[in-house]
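An overview of the molecular structure
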Amino acid sequence: RAYADAGENWQLFRPSLAKLGLYRCQNSRTNLCSLHNNNSVSNVRLLSPWAMSFVLIALAGCAADSNDDTSFLPVPPDNQAPDDDGSGDDGSGDDGSGDDGSGDDGSGDDDSGDDDSGDDGSGDDGELPDCGYTDPLEITPAITLGNTNDTGTYQLEHYQERTDLTENLTGTWVMMHRHIRLSNSSSGRDTEQLWQKSVFIIRNHSDKLEVASCSYGGFTELTINDDQITLPLFGDFELGNVSFTAATGSITDGSSTRLQSAMSQEDSDNNTDGFTLRHSEAIKVSDLVSPLGQSSATIDGNSINNTDVFCFTQKRDVTTSQDCGSQEQTHNLIVSLQASSVSDVQELFYVDPVYAISSNEKILGQQSTPSVLDITTSHSQITVQVDLTDGVIIPNDESGSGSLTLNLTLPGAVIP
C-alpha cells in the first residue's frame, strides 16, 4: 500500500476523490462527506497505485478553487465524521447506462431496486424524492489513449477461446468487466460506468498455481475452493478480489477455459451495493506463461526499466453526477493503460486536462500536452511512449519530469 502526505494541500481535494476511492466515506454520494476538523491530514492511506493518481488530479485541477467552501471534502477512514445525511446508497432510479456498444451489458431500463438498498438517508421514511433523472450523456475526452475510450474494445469476441487447452489452468487469459453502479441521496445521484479489459497470466510456480496481480504487481497464490477461484484483477477501492466460477469444464481439475464472476448481475431486481449491472467473464486464449512484453518508467530520475509485464489492463471509467430536480449533468471520465510486473505497477492515464504516469508509488502529471505522446493500441499490440517534461510529482509536490514506455503483445486476438 502507498502513503502520501496531504499536508496543507488537503483543502484542494475534490469531493469526487472519495467516490473514486481515495478515501472511504460513510456516504456513497461524495458531496455528503465531511472535512476533518483540523484541515490537515498526514499519512493518508491510499488504496492502490491507481487511486493514488487522484491526488494529482485534485492538485492539478483544483488549485483555482482553493478558496471554495471545503465543508464537503472527505475525511480519512480513521477520523470519520458523523454521518448526518445517511449513506444514500440505494441504487434506485433508472440506471441511465447510456449503452454505447459494450456488447454485454444488456442494461436498458433498470428500475429503482431501492427495496434492497438499506437506509438512503433522505428522511425518516427512507424514501427518495422523484428527481426526474435523465440518462447519462455520452462524452469523449480530448485524448482517448488509442482505443481505450471505445466501448467496443471491451468485448471477448475479439479473442479466441482455446477450448482445446483443458489440461490445467495455466496460460494467458483475457477478462472483460462491465458494471453500472448508482449512488443516490435526497440531493442527487451519481452513476458510475466502468469498462475494463485485463490480460493476465496464470502459471505454476514451485508446484503451486499463482496468478498475476493486476492492481499491485507480482503474483498471488491461486486457491481453489468449491470449484471457485479468486482473481486479483481489481483494486480494493473498486471491487476488491472477485470470485469466479467455471462457465465451462471444471476449475478444480483445470479443464475450464471460460470463467464468469460469481456475483454477476444483469438487472436491478437483484441490486447489491448500488449495482444495477455487474458482469465479469474471462477466457483462456493461450498456453503461454511468458511475459506479455516490457514496460519502463522514469519519474524524477528514478527508473524501473524493461520490467516484464504479466498483466495488462485497460479501463474506461465515467461517473455522471446529477442534482435532484436538475437536468444539468457533470462528468468525470478517466481512461487508463496499466502494466503490472513482479516489481512495479506502471500506468498512464488521462483525465481532461491532466496527463499522468505512475510508477514506484509516485505520480507525475501535467496539464500541458506531453513533448512525446505516441500511442498505438489494438486487440493484439500495445505500444506507448509518453514524455512529461513539465509535471508535478506526488507525494513530493515538486516540479519534475518523466516518461513511460510500453511494448506488449496480447495473444489470442481474432482480428489484430
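All figures in this text were calculated on a predicted structure; none of them were measured in a lab. (Residues numbered from 1 in each chain as written. Predicted model: local features only at pLDDT ≥ 70, side-chain atom pairs only at ≥ 80, totals over all residues. Heavy atoms only, no water.)

The next thing to look at is the pairing of strand E17 (residues 362-366). The element E17 is largely enclosed, with a buried count of 5 among its 5 residues. Side chains Lys362, Leu364 and Gln366 of E17 all project onto a buried face; the interleaved residues Ile363 and Gly365 project onto the opposite face, where all are buried too. Pairing of strand E16 (residues 354-359) with E17 involves 5 bridges; the strand directions are antiparallel. The residue bridging serine 358 from the neighbouring strand is isoleucine 363, located in E17. Hairpin connection, E16 to E17: the antiparallel pair is bridged by 2 residues, and asparagine 360 has positive phi, about 50°. (Buried < 20%, exposed > 50% of the residue type's maximum accessible area, 1.4 Å probe, protein only. Helix = DSSP H or I, 4+ residues; strand = E, 2+ residues; numbered from the N terminus. Pairing = 2+ DSSP bridges.)

Turning our eyes to something else, we now look at the environment of asparagine 306. Note that asparagine 306 resides in strand E13 (residues 302-323). Looking at asparagine 306, the relative accessible area reads 58%, which means it is exposed. Sequence separation between asparagine 306 and serine 296 is 10 residues, and the spatial gap between their C-alpha atoms is 5.1 Å. Not counting residues up to four positions away in its chain, the partners in contact with asparagine 306 are Gln294, Ser295 and Ser296. (Contact = heavy atoms within 4.5 Å.)

As used in these notes, a disulfide is a covalent bond between sulfur atoms, one from each of two cysteines. Under the criterion given, the structure shown has 2 disulfides. Linked covalently through their sulfurs, cysteine 131 and cysteine 324 form a disulfide whose S-S length is 2.0 Å. Judged by the torsion about the S-S bond (-90°), the cysteine 131/cysteine 324 disulfide is left-handed. Placement of the pair is cysteine 131 in the loop between helix H2 (49-62) and strand E3 (171-184) and cysteine 324 in the loop between E13 and strand E14 (329-341), with a sequence separation of 193 residues. A relative accessible area of 6% means that cysteine 131 is categorised as buried. For cysteine 214, the disulfide goes to cysteine 311, at an S-S distance of 2.0 Å. When the S-S torsion is 90°, as for the bridge of cysteine 214 with cysteine 311, the disulfide is right-handed. (Disulfide = S-S within 2.5 Å.)

Summing up the model confidence of the protein, the mean pLDDT is 74 and the portion of residues at 70 or higher is 65%. Under a pLDDT of 50 for its full length, residues 1-125 has, in the predicted model, 317 contacts with residues more than four places off or in other chains. (pLDDT = per-residue confidence, 0-100.)

Taken as a whole and judged by the stated rule, the model has 2 aromatic pairs. Geometrically, the ring pair formed by phenylalanine 219 and phenylalanine 310 is edge-to-face, given 5.0 Å between the ring centres and 65° between the ring planes. Here the residue phenylalanine 219 occupies a position in strand E6 (residues 219-221), and phenylalanine 310 occupies one in strand E13, the gap between them amounting to 91 residues. Like phenylalanine 219, the residue phenylalanine 310 is buried in the burial classification. It is arginine 278 that lies over the ring of phenylalanine 275; its NZ or CZ is 4.1 Å from the centre. The ring of tryptophan 195 carries the charged tip of arginine 316 above its face, separated from the ring centre by 4.7 Å. (Phe/Tyr/Trp six-rings, centres within 6.5 Å; stacked < 30°, edge-to-face > 60°. Lys NZ or Arg CZ within 6 Å of the ring centre and 35° of its normal.)

Here we come to unusual backbone geometry. Of note, the amide linkage connecting aspartate 352 to proline 353 takes the cis form, showing an omega dihedral of 10°. Its identity is not glycine, yet leucine 145 carries a phi of approximately 50°, on the positive side. Within the secondary structure layout, leucine 145 lies in the loop between H2 and E3. For leucine 145, a relative accessible area of 2% corresponds to the buried category. Phi at glutamate 361 is positive, roughly 65°, even though this residue is not glycine. Within the secondary structure, glutamate 361 is located in the loop between E16 and E17.

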